[in-house]
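Single-letter residue listing:
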Amino acid sequence: MTRARGRDGGSAAPRGVDVARAAGVSQKTVSRVLNGERYVSVEVRRRVLEAADRLGYRLNSAARALASGRSRTIGVVALGTALYGPASLLLGVERAARDAGYALSVVNTLEGDQAGVGGAVQSLLERGVDGIVVSEPIDEDADPLPSEVPVLVLGAPAGARTGERTIAAGVDSEALARAATEHLLDLGHPTVHHLAGPERWFAARDRLAGWRQALAARGREQPPVTEGDWSAVSGYAAGRRLAARNDVTAVFAANDDMAVGLISALTEAGLRVPRDVSVVGFDDIPLAAYVRPPLTTVRQPFDAVADEGLRLLVHAIENPEAELPTAQGQPVELVVRSSTAPPPARTGSGPVRHTVQPLAGEAHAPPAA
């Protein structure tokens, strides 16, 4: 690594002027590149970054903040969970923020936390963040989001708990749920049962609404909803109940983890997936392609949502007088694998359904629960 030489002949920390000289550009151009500003050509950006790396140059964050009046830090309110969807969004946000030249300050909230999102937001504002990301919100409090800084909401419907400077970005979960349900109806299933996520989650309510819209548009019966908690364990418990029914030929699960648990329970009950019961999931987790049978699901483009959301948030931070930008919709992508097929032929005997014994501590709920 080449380093600049100090007046006494020793090694000195490289400066912006050294990077500019090595890259053959002006100091202003170096500043624009290292601050993540737009309107710099790909070639110039490459030369500046290579020169900075070669010289070991690191932009002084404190000086940059003092000059710009911004901390170049984005706060994130995240639900403290290892669930695939929220975790994937958080990873995407971290990468996109780093690429834009911003650091993250993350506050995790827990379900049932009385301080909730509002307390986490206040904590981040006290740290002097330039903007805030609220990821996968749930109903914990009804306080509006702040207007002191731009706020990006991921995974919530437009208009949910918004403030004056709120940007919403994400997939159209209702459209994805409709696509999943319509796929099963198109295969000839008379109706589709739904294994929903927890009702307090906006995402669960969106997927439930999409399922209902698809059935209503075809004039089909809406069976009673079974609610899980996003886990494979809850999917397994729901599968045991659904397996006891004689009218279940298709199930749309609100996430892939619950779908995997559901398939396990159906298989234990002597039902073949998809010959007896078809199953569609939601998310397209990495495991979905490798379970047996491989899971048909709708894919959430987490990286694309994070990239677009952070781009909009950074634009709002750096252009405070401009009108808030609007997110573009993400495409609906149905990934068809081997867990779905036309319904079984109607015969006198029908599929063999084994008697399902209740789990330890499980209530003897009626099959329609």
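Since we're looking at a predicted model, the values are computed, not measured.

The rules behind each value
Residues numbered from 1 in each chain as written. Predicted model: local features only at pLDDT ≥ 70, side-chain atom pairs only at ≥ 80, totals over all residues. Heavy atoms only, no water. Salt bridge = Lys/Arg side-chain N within 4 Å of Asp/Glu carboxyl O. Buried < 20%, exposed > 50% of the residue type's maximum accessible area, 1.4 Å probe, protein only. Phe/Tyr/Trp six-rings, centres within 6.5 Å; stacked < 30°, edge-to-face > 60°. Helix = DSSP H or I, 4+ residues; strand = E, 2+ residues; numbered from the N terminus. Lys NZ or Arg CZ within 6 Å of the ring centre and 35° of its normal. Expected span 1.5 Å × (residues − 1). Contact = heavy atoms within 4.5 Å. Pairing = 2+ DSSP bridges. Axes fitted to C-alpha atoms, helices over the stretch in contact; angles between N-to-C directions. pLDDT = per-residue confidence, 0-100. Polar contact = N/O pair within 3.5 Å; in protein donor to acceptor, adjacent residues only side chain to side chain.

## Remarks on the pattern of salt bridges
No. 1: This structure, assessed with the given rule, holds 15 salt bridges.
No. 2: As a salt-bridge pair, Asp247 and Arg245 come within 2.8 Å of each other at their nearest N and O atoms.
No. 3: Using a relative accessible area of 36% as the deciding quantity, one classes Asp247 as partly exposed.
No. 4: Arg245 sits in the buried class, given a relative accessible area of 14%.
No. 5: Its salt-bridge partner being Arg272, residue Asp276 comes within 3.0 Å of it at the nearest N-O pair.
No. 6: Taken together, the shared-partner salt bridges connect Arg95, Asp99, Asp303 and Asp307 into one network.

## What about the packing of aromatic side chains?
No. 1: Across all of its chains, the model carries 3 aromatic pairs by this definition.
No. 2: Taken together, a centroid distance of 5.7 Å and an interplanar angle of 80 degrees make the contact between Tyr84 and Phe302 edge-to-face. Here Phe302 lies in helix α11 (residues 302-318) and Tyr84 lies in helix α5 (residues 84-99), a separation of 218 residues in the sequence.
No. 3: Ring plane angle 45 degrees and centroid distance 6.3 Å describe the contact between Phe252 and Phe282, whose orientation is recorded as tilted. Separated by 30 residues along the polypeptide, Phe252 in strand β10 (residues 250-253) and Phe282 in strand β11 (residues 278-283) bring together distant segments of the chain. The same class applies to Phe252 as to Phe282, namely buried.
No. 4: Arg207 extends its terminal NZ or CZ atom over the ring of Phe282, reaching a point 3.9 Å from the ring centre.

## Examining helix α8 (residues 202-218)
No. 1: With 17 residues, α8 extends 25 Å between its outermost C-alpha atoms, agreeing within 8% with the 24 Å of an ideal straight helix rising 1.5 Å per residue.
No. 2: Turning to α8, its buried residues number three or more, namely Phe202, Ala203, Ala204, Asp206, Arg207, Leu208, Gly210, Trp211, Ala214 and Leu215.
No. 3: Those residues of α8 that are buried lie in contact with α7 (173-186), β8 (193-196), β10 and β11.
No. 4: Following α8 by one or two positions, Gly219 has its phi on the positive side, about 70 degrees.

## Section: the sheet that holds strand β4 (residues 103-109)
No. 1: Taken in spatial order, the 5 strands line up as β4-β3-β5-β6-β7 in an open sheet, and their pairing is parallel. At either margin of the open sheet sits one strand with a lone partner, and together these are β4 and β7 (166-169). Across the sheet, the mean angle from the axis of one strand to that of its neighbour is 20 degrees, orientation sign disregarded.
No. 2: Here 7 bridges tie strand β3 (residues 73-79) to β4, and the two strands are oriented parallel to one another. By the bridge assignment, Leu79 is partnered in β4 with Thr109.

## Remarks on unusual backbone geometry
No. 1: The omega torsion of the bond from Val273 to Pro274 falls at 15 degrees, within 30 degrees of zero and hence cis.
No. 2: Counting through the fold element by element, Pro274 comes out in the loop between α10 (256-268) and β11.
No. 3: Of note, the amide linkage connecting Arg292 to Pro293 takes the cis form, showing an omega dihedral of 0 degrees.
No. 4: Structurally, the position occupied by Pro293 is in the loop between β11 and β12 (296-299).

## Overview of the confidence of the model for the chain
No. 1: This prediction gives the chain a mean pLDDT of 83; 80% of its residues lie at or above 70.
No. 2: When the criterion is pLDDT under 50, residues 1-10 qualifies, and its contacts beyond four places in sequence or with other chains add up to 20 contacts.
No. 3: Between residues 360-369, whose pLDDT stays under 50, and residues either more than four places distant or in other chains, the model counts 12 contacts.

## Overview of the sheet that holds β10
In a beta sheet, neighbouring strands pair by backbone hydrogen bonds and run either parallel or antiparallel.
No. 1: In space, the 6 strands of this open sheet follow the order β9-β8-β10-β11-β12-β13, with mixed pairing throughout. Two strands close off the open sheet at either side, each with one partner strand: β9 (226-227) and β13 (334-335).
No. 2: Note: β10 against β11, 3 bridges, orientation parallel. What sits directly across from Phe252, in β11, is Val280.
No. 3: Its contacts with the sheet put α8 on β8, β10 and β11, and the angle it makes with β8 is roughly 175 degrees.

## Let's talk about the side chain of Thr297
No. 1: Tracing the backbone shows Thr297 in strand β12.
No. 2: Engagement of the side chain of Thr297 in a polar contact is seen with the backbone oxygen of Gly281, the distance being 3.3 Å.

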